[in-house]
Amino acid sequence: MLKKSSDRRDLSKLVDRYQKYSVVSEIEHNLLDTASFFAPVNELVIADLYAEENYDLTRYQSLEKSLKEDGFLMPLIAVKTGDQYEIINGVKRLLLAKKIGMVEIPVVKAELEWDRKVSYILENIQEEGDSPYVKTYAFSVLKEKYHFSVEEIASRSHLSSSQVKNLLRLQKLPKNLKQGLISFELSYGEARSLLNLPKEVQDELFAQIQKGSLSCRDLEKAKRSYLGVEKKRTIQIQKNAITIIFEDESEAKRQYEKLKRQFID
């Protein structure tokens, strides 16, 4: 029997940690005894939540070198779609295999319903370390093509609704800034800061970012300066109390829940 509330919180965190990857872990565990086979590259396609143009293959030279020297150490995971195999894990390796001229590559087939396939992909892209635009694109396809709500995407990807909304907003960036995200010339925070600015201002600030002459802090300052907005939030400390003064009541209400989640016991 648990005696302390802190023990319950610790247990809850542990459960959340392992539930987070339940779909990926379960599916991949079930595939351990499934034999792989070699499939012709021209019979392999990537799932529609991915897009080839969202990967800058020059960023994965070590992986390309490994494929050339050692081949595939692990098979791709695919589901059968008509006469083709749809890759749900191993997109970069497939694209690199095509680039270096491989004819066939090892694949393991997963028997998944569409709904489970979507959950698997959304969980998997959280751990890939790719550009945040990979998530933006997947979320956009689910929202626009399959009519998912923000809340449904958030639940399946283990993100908050506000995180999903912020990632979806990156679709509003012009093509050159999206490419900057894909090539890692632009960080997620920098991309968000460049939203809602005129194209010429975005290009000017992006050029400074590429040169390494503009920090995130400087970028925010430049944006506020352009928009004519000065920060009106102040913070005060008195003995054991911290007081934050916001610009207006509506901003205070918006920020309250975030602060409460971070600091309340």
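Structure first, text after, so check above.
The following paragraphs examine the structure supplied in this document.

Rules behind the numbers
- Residues numbered from 1 in each chain as written.
- Predicted model: local features only at pLDDT ≥ 70, side-chain atom pairs only at ≥ 80, totals over all residues.
- Heavy atoms only, no water.
- Helix = DSSP H or I, 4+ residues; strand = E, 2+ residues; numbered from the N terminus.
- Buried < 20%, exposed > 50% of the residue type's maximum accessible area, 1.4 Å probe, protein only.
- Salt bridge = Lys/Arg side-chain N within 4 Å of Asp/Glu carboxyl O.
- Phe/Tyr/Trp six-rings, centres within 6.5 Å; stacked < 30°, edge-to-face > 60°.
- Lys NZ or Arg CZ within 6 Å of the ring centre and 35° of its normal.
- Pairing = 2+ DSSP bridges.
- Axes fitted to C-alpha atoms, helices over the stretch in contact; angles between N-to-C directions.
- Contact = heavy atoms within 4.5 Å.
- Parallel < 35°, antiparallel > 145°, perpendicular 65-115°, else oblique.
- Left-handed = near helix turned anticlockwise from the far one by under 90°.
- Nonpolar A, V, L, I, M, F, W, Y, C, P; charged D, E, K, R; others polar.

Across residues other than glycine, the phi torsion is negative in most instances, and most of the peptide bonds are trans. Positioned with a positive phi, F184 is a non-glycine residue whose angle comes to about 65°. Locating F184 in the fold gives a position in the loop between α9 (175-182) and α10 (188-194). A positive phi angle, close to 65°, is found at N196, a residue other than glycine. Along the polypeptide, N196 turns up in the loop between α10 and α11 (199-211). Since its relative accessible area comes to 57%, N196 is described here as exposed.

With the rule as written, the count across this model stands at 10 salt bridges. Across the pair K145 and D48 runs a salt bridge whose closest N-O atoms are separated by 2.8 Å. Of the two residues, K145 sits in the loop between α6 (132-144) and α7 (150-157) while D48 sits in the loop between β2 (44-46) and α3 (61-70), which places them 97 residues apart along the sequence. According to the relative accessible area criterion, D48 is partly exposed, its value standing at 24%. For R156, the salt bridge goes to D115, with nearest N and O atoms at 2.4 Å. Placement of the pair is R156 in helix α7 and D115 in helix α5 (residues 114-125), with a sequence separation of 41 residues.

Going through the model one piece at a time under the given rule, you end up with 3 aromatic pairs. Measuring from ring centre to ring centre gives 5.3 Å for F37 and Y85, while their planes differ by 55°; the resulting arrangement is tilted. Here Y85 lies in strand β4 (residues 84-89) and F37 lies in strand β1 (residues 37-40), a separation of 48 residues in the sequence. A ring pair is formed by W114 and Y146, whose centres lie 4.8 Å apart and whose planes are at 55°; its orientation type is tilted. Remark: Y146 occurs in the loop between α6 and α7 and W114 occurs in helix α5; sequence separation between them is 32 residues. Look at W114 and you get partly exposed, because its relative accessible area is 34%. Since its relative accessible area comes to 27%, Y146 is described here as partly exposed. Connected via pairs of aromatic rings, a cluster forms that spans W114, Y146 and F148. Its guanidinium or amino end placed over the ring of Y60, K92 lies 5.4 Å from that ring's centre, counting from NZ or CZ.

What follows concerns the pairing of strand β3 (residues 76-81). Each regular strand carries side chains that alternate between the two faces of the sheet. Where β3 meets strand β5 (residues 104-109), 3 bridges bridge the pair, whose relative direction is parallel. Directly across from L76, in β5, lies its bridge partner V107. Bridge analysis of β3 against β4 gives 5 bridges, and the strand direction is antiparallel. When the sheet's bridge partners are listed, I77 is paired in β4 with N89. Hairpin geometry of β3 and β4 is characterised by an intervening segment of 2 residues between the two adjacent antiparallel strands and by a positive phi of about 65° at G82.

The next thing to look at is the sheet that holds β5. If you trace the 5 strands from one edge of the open sheet to the other, you get β1-β5-β3-β4-β2, paired in mixed fashion. Looking at strand neighbours, the two that pair on one side only are β1 and β2, the edges of this open sheet. The average angle at which neighbouring strand axes cross in this sheet is 55°, direction not considered. Where α5 meets the sheet, it contacts β3 and β4, and its direction lies at approximately 40° from that of β4.

Below, the discussion takes up α7. Those residues of α7 not exposed but buried are V150, I153, A154, R156 and S157. H158 sits one or two positions beyond α7 and adopts a positive phi of about 60°.

Put simply, helix α2 (residues 22-30) and α5 touch, their axes get as near as 8 Å, and they point 110° apart. Comparing the axis directions of α2 and α5 gives the class roughly perpendicular. With respect to the hand of their crossing, α2 and α5 are arranged in left-handed fashion. Touching S22, V23, V24, E26, I27 and E28 of α2 are R116, S119, Y120, E123 and N124, all from α5. The residue inventory of the contact of α2 with α5, partitioned by class, reads 4 nonpolar, 3 polar and 4 charged.

All we've got here are geometric facts, nothing functional implied.
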